Amino acid sequence: MDGTLPPYNEDLVRQVLEEMKILFEQNQKEVALTVDGETGLFSGVHLRHASLERNKRCLLSYIYNRMLRIKGLRWEFGTVLPEDIKYNLCEQEIQWFTKYNKSLATYMRTVGLDLTQDMKPPKSLYIEVRCLEDYGEFETEDGTVVLLKKNSQHFLPRSHCEHLIRQGILEHIL
Amino acid sequence: MASGAPPLRSHPSSELDYFDIDDIIATQGRIPSKLEVQIYNLGFLDPSSEGNDLQAGAKLELPLWLSKELSYKDGYREVFKADASVVDLHRLGPYFYEFGTKLLHFDFEENSQMASSMQETFIKRFRKIMDSSQNAANEDASLLTSKLDHIEKQVFSAGRKGVREFLQWETGNTSKLTTSETVVNHKKRKRSMLE
Amino acid sequence: MAQSEGDDFLLSGEATGGGDSEEEIEVTAAEVLVQLEDAWLNEKFAPELLENKADLVECMLDQIKEMAKNLKKVKKGDVVASLHKLEIDRIRYVLSSYTRTRIEKIEKHVVHVLEQEAAREESEPSRLSPEELQYAKEYADNMEGLFKSLALQHMPANMQNIDRKKAVPRPNMDKYVFMKVLENQEQVMIDPEEDPIDLESGAQHIMRYSAIAPLLSNGSVSLL
């Protein structure tokens, strides 16, 4: 997972589907001829059929593996995708992402756990962090308000910082 | 503890591998095959043929997925006869083991020989891979891994990862929370785009 | 069972201990946590989805909610309170990791999991909780919708379906796992080509998951 997703290659997909259509039609022709009594065409039909299945497998695999990467984006970035990444998703993939978010949110709500938190075992309660970008005000559990300005350092509750660290806003200093 | 490794068993891996990109790439590798029958209208597959049709006896290098499909008994005759002795396993590069194990699906006489020689090769190389992964903790590994097959590369990085994580644990660095790698790369790209 | 004052506070939800019913609660909660941790490790290392332990999850979730409520009553900056807060975080981590591991497996093998559920007899318990079943159905529908809209509906007429035999990812039951024997087992068939062996309590082995799957579900071994 390196955070890149190339644009959905609509042209290539269309080409593959076109090729499948042609292969299929050739096969239909030869099957019809065979029914009419022509022999010896079976091997050609078989070969084309194998190619059709292979194309199908490659296409579905392309879609499937992109889907896995998009799914990973939810766990890394959250529910809102950065514009430049969103740009590389096709319409149907964006719809998939929206439905996935909804489904996951429902599940987490019924279970009572935010599964996108607590990704690592806790070692200490408070941690030292440095702010990497201007973020603004941040309220901790006990009500204290902290101003997160670029380069400022703070000693904050680990559980509150976790998601800000993963998003690159804070840096954990050991 | 069990003495000796359990015998190599082939199990239908297609259920695990349909969407697996590595498997798709591995089955793309070519295997020399001889056409047993004539195939009409597909003459274009053989660059050396002149007519519309593929002639019986034509020698073609077919991708493994196609060879596998067609070498089943087709009616009463075998359509293609794949030639194992001609396949140079060493030229297969990064997919040596995966491609090799797929060749076992064909009913070659040489199958058991190929299987045991692959197993021996793997075992011999594994030792060296393990040793070098434990010692080259932070050096650039590209020279070492350039000669490794795809699966061996995974073993090598797992070894290195283990060493690295152990060292981190020793120095108490495991509890450091980090920015998600995806986010880091995204920011890097954004920055470079703005420059 | 003798408990330190800290533990009384930790698991019974009361600052002052005492009383039989509270001791009962203490023991039960501690036991539940151990069971949850075992379930968590087994789930982590098993290639297939195991029986769901939603009751353990619910119990520990209630526990940490209680503990968090009690912490609010304590003075801020209290060191003991910090430790308890850390314990809450640790338990929540195990709960999240366990639930996440299950969700990952459900997603990875979603069609297989749904087929398994559909084939189940009425009398057999489901491996999925009702919420997990709902999630699995939604995930499968969403994925199928993606395949259909982008590819399948544009394919030749008789190729528009997923081949159930070939195109469904299934768990690798032959994966090798590390395991520990919890109870002596006699004459276990590990490898059909060899004689059955005895497994000694306390011993650790590495073997194919398929060989020990039934032993895992009846609790005689656990995964490491």
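Only a predicted model underlies this, so the values are computations on that prediction, with no experimental measurement involved.

So, the overall build of chain C
Alright, step 1. Along its length, chain C carries seven helices and five strands.
Alright, step 2. Secondary structure elements of chain C occur, N-terminal to C-terminal, as α-α-α-α-α-α-β-β-β-β-α-β.
Alright, step 3. For chain C, buried positions account for 46% of its 224 residues.
Alright, step 4. A separation threshold of at least 6 residues defines the contact pool for chain C, and within that pool the share at least 24 residues apart is 65%.
Alright, step 5. Split by element, the accessible area of chain C, about 12,100 Å² in all, is 51% carbon and sulfur.

Digging into a negative patch on the surface
Residue and element names in this part refer to chain C.
Alright, step 1. A grouping of D55, E58, D62 and E131 is seen on the molecular surface, where their side chains present a negatively charged patch.
Alright, step 2. Counting residues per element, the negative patch draws most heavily on helix α3 (residues 54-73), at three residues.
Alright, step 3. Given a relative accessible area of 56%, D55 falls into the exposed group.

Describing the sheet that holds strand β5 (residues 170-173) of chain A
Residue and element names in this part refer to chain A.
Alright, step 1. Taken in spatial order, the three strands of this open sheet run β4-β1-β5, and their pairing is antiparallel. Sheet topology places β4 (153-157) and β5 at the edges, where each strand pairs with a single neighbour. The sheet shows a mean angle of 45° between the axes of neighbouring strands, taken without regard to direction.
Alright, step 2. Sheet topology places strand β1 (residues 126-131) next to β4; five bridges connect them, and they run antiparallel. Across the sheet, residue E128 finds its bridge partner in β4, namely F155.

Some remarks on helix α4 (residues 96-103) of chain B
An α-helix turns once per 3.6 residues; consequently, residues spaced three or four apart project the same way.
Alright, step 1. Extensive coverage of α4 of chain B is indicated by the burial of seven of its eight residues.
Alright, step 2. Inspection of α4 of chain B places F96, Y97, E98, F99, G100, K102 and L103 of chain B among the buried residues, and these make up the whole buried set.

Overview of the UniProt feature "domain: GINS subunit" (unreviewed entry) in chain A
Alright, step 1. Feature annotation in UniProt places "domain: GINS subunit" (unreviewed entry) on residues 39-111 of chain A, given in this structure's numbering.
Alright, step 2. Summarising residues 39-111 of chain A: 84% helix, 0% strand, and an end-to-end C-alpha distance of 63 Å.

Considerations on the UniProt feature "domain: DNA replication complex GINS protein SLD5 C-terminal" (unreviewed entry) in chain C
Alright, step 1. In the UniProt entry, the feature "domain: DNA replication complex GINS protein SLD5 C-terminal" (unreviewed entry) is given for residues 171-224 of chain C.
Alright, step 2. Secondary structure within residues 171-224 of chain C divides into 17% helix and 39% strand; the distance between the first and last C-alpha atoms comes to 18 Å.

Focus: the interface of chain A and chain C
Alright, step 1. On the chain C side, the residues contacting the 44 residues of chain A number 38 residues.
Alright, step 2. Summed over both sides, the interface of chain A with chain C buries roughly 3,800 Å², with 69% coming from carbon and sulfur.
Alright, step 3. Considering only the surface of chain A that becomes buried against chain C, Y107, D118 and L125 of chain A emerge as the three largest contributors, covering 17% of it.
Alright, step 4. For the pair chain A and chain C, the interface holds three salt bridges.
Alright, step 5. Where K71 of chain A meets E107 of chain C, a salt bridge forms, and the shortest distance between an N and an O atom there is 2.5 Å.
Alright, step 6. Our count for the contact surface shared by chain A and chain C stands at 11 residue pairs in polar contact (both at pLDDT 80 or more).
Alright, step 7. Those elements that provide at least two residues to the side of chain A that touches chain C are α1 (10-35), α2 (42-77), α4 (91-111) and α5 (158-166) of chain A.
Alright, step 8. Broken down by class, the residue content of the side of chain A that touches chain C amounts to 25 nonpolar, seven polar and 12 charged.

Quick look at the sheet that holds strand β1 (residues 176-181) of chain C
All names here are of chain C.
Alright, step 1. Spatially, three strands are ordered β4-β1-β5 in an open sheet, and the strand pairing comes out antiparallel. Edge strands, defined here as strands with exactly one partner in the open sheet, are β4 (204-208) and β5 (221-223). Looking at each pair of strands side by side, their axes are set apart by 40° on average, direction ignored.
Alright, step 2. Where β1 and β5 come together, three bridges link them in antiparallel fashion. Looking across to β5, one finds that M179 is bridged to L223.

A few points about the pattern of salt bridges
Alright, step 1. With the rule as written, the count across this model stands at 23 salt bridges over all chains.
Alright, step 2. Residues D118 of chain A and R92 of chain C are paired through a salt bridge, measuring 3.1 Å at the closest nitrogen-oxygen approach. Of this pair, D118 of chain A sits in the loop between α4 and β1 while R92 of chain C sits in helix α4 (residues 79-108), placing the two residues on different chains.
Alright, step 3. Judged by its relative accessible area of 22%, R92 of chain C is partly exposed.
Alright, step 4. Note that E43 of chain C and R102 of chain C form a salt bridge whose closest N and O atoms lie 2.8 Å from each other.

A look at the UniProt feature "domain: GINS subunit" (unreviewed entry) in chain C
Alright, step 1. Residues annotated by UniProt as "domain: GINS subunit" (unreviewed entry) correspond here to residues 86-150 of chain C.
Alright, step 2. For residues 86-150 of chain C, helix accounts for 83% and strand for 0%, while the C-alpha atoms at its two ends are 47 Å apart.

Criteria and cut-off values
Residues numbered from 1 in each chain as written. Chains lettered and ligands numbered in written order. Predicted model: local features only at pLDDT ≥ 70, side-chain atom pairs only at ≥ 80, totals over all residues. Heavy atoms only, no water. Helix = DSSP H or I, 4+ residues; strand = E, 2+ residues; numbered from the N terminus. Buried < 20%, exposed > 50% of the residue type's maximum accessible area, 1.4 Å probe, protein only. Contact = heavy atoms within 4.5 Å. Areas by Shrake-Rupley, 256 points an atom, 1.4 Å probe, with all protein chains shown as cover. Patch = residues over 30% accessible without salt bridge, like charges linked within 9 Å, V, L, I, M, F, W, Y side chains within 5 Å. Salt bridge = Lys/Arg side-chain N within 4 Å of Asp/Glu carboxyl O. Lys, Arg positive; Asp, Glu negative; His and termini not counted. Charge placed at Lys NZ, Arg CZ, Asp CG, Glu CD. Pairing = 2+ DSSP bridges. Axes fitted to C-alpha atoms, helices over the stretch in contact; angles between N-to-C directions. UniProt positions renumbered as here; feature names shortened; annotations may be inferred. Buried area = accessible area lost by both parts, 1.4 Å probe. Polar contact = N/O pair within 3.5 Å; in protein donor to acceptor, adjacent residues only side chain to side chain. Nonpolar A, V, L, I, M, F, W, Y, C, P; charged D, E, K, R; others polar.

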